[in-house]
Amino acid sequence: QVQLVESGGGLVQAGGSLRLSCAASGRTFSMYAVGWFRQAPGKEREFVAGISPYGANKYYADSVAGRFTISRDNAKNTVYLQMNSLKPEDPAVYYCAARLGRFIEPSRAPDYSYWGQGTQVTVSS
């Protein structure tokens, strides 16, 4: 069983940066692949980024590649999402999610067993 808690959301101006954190419970967090998803009002949840259990492989949606960076610190049971050059289309509730073992398809939400409660990101223009 893994519990996930996101933090770091908030209000930022367009072009600014935020770093989201996903803190996990449990001693075997290094066995889990983790993804970040986001959902804006009236839109479907979409994949943002994913990282393999030991961080060797990282995946990004085309819309955030080059601006967002996913990383993890397994000693701290935490995954990060560094978001730079935020755009007006980035506001959403951001969720982290975890699945045991390696990815089959990082962008497929049903593959993840555990989800956090989400953190709101707002971008002002």
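Everything below is about the structure printed above this text.
Residues numbered from 1 in each chain as written. Predicted model: local features only at pLDDT ≥ 70, side-chain atom pairs only at ≥ 80, totals over all residues. Heavy atoms only, no water.

J.: Explain the overall build of the protein here, please?
T.: What the protein contains, in helices and strands, is zero helices and 11 strands. Ordering the α and β elements of the protein from the N terminus gives β-β-β-β-β-β-β-β-β-β-β. In terms of C-alpha radius of gyration, the protein reaches 13 Å, essentially the compact-globule figure of 14 Å for 125 residues. When the backbone C-alpha atoms are referred to their principal axes, the protein occupies close to 40 × 25 × 25 Å. Within the protein, buried positions represent 46% of all 125 residues. Of the contacts made within the protein by residues no fewer than 6 positions apart, 58% connect residues no fewer than 24 positions apart. For the protein, the computed accessible surface area is about 6,400 Å², with 47% contributed by carbon and sulfur atoms. (Helix = DSSP H or I, 4+ residues; strand = E, 2+ residues; numbered from the N terminus. Rg over C-alpha atoms; globule rule 2.2 N^0.38 Å. Buried < 20%, exposed > 50% of the residue type's maximum accessible area, 1.4 Å probe, protein only. Contact = heavy atoms within 4.5 Å. Areas by Shrake-Rupley, 256 points an atom, 1.4 Å probe, with all protein chains shown as cover.)

J.: When you look at the side chain of Arg-38 in this model, what are you seeing that I'm missing?
T.: Positionally, Arg-38 belongs in strand S4 (residues 32-39). Separated by 2.9 Å, the side chains of Arg-38 and Asp-90 make a polar contact. Side-chain polar atoms of Arg-38 contact the side chain of Tyr-94, separated by 2.9 Å. Excluding residues within four positions of it along the chain, Arg-38 makes contact with Glu-44, Arg-45, Glu-46, Val-48, Ser-63, Val-64, Phe-68, Glu-89, Asp-90, Ala-92, Val-93 and Tyr-94. (Polar contact = N/O pair within 3.5 Å; in protein donor to acceptor, adjacent residues only side chain to side chain.)

J.: In this structure, what is going on with the environment of Lys-58? I would like to understand it.
T.: With respect to the helices and strands, the residue Lys-58 is situated in strand S6 (residues 58-60). The class for Lys-58 is partly exposed, based on a relative accessible area of 40%. With 48 residues separating them along the chain, Lys-58 and Pro-106 place their C-alpha atoms 9.3 Å apart. Residue contacts for Lys-58: discarding those within four places in its chain leaves Gly-50, Ile-51 and Ile-70.

J.: Is there a simple way to think about the pairing of strand S3 (residues 18-24) in this case?
T.: Taken residue by residue, a regular strand's side chains alternate between the two faces of the sheet. The buried fraction of S3 amounts to five of the seven residues, a majority that puts the element mostly inside the structure. Both strand S1 (residues 4-7) and S3 contribute to a ladder of four bridges, which runs antiparallel. Considered in S3, the bridge of Glu-6 is made with Cys-22. With six bridges joining them, S3 and strand S8 (residues 78-83) adopt antiparallel strand pairing. Bridge pairing links Leu-20 to Leu-81 in S8. (Pairing = 2+ DSSP bridges.)

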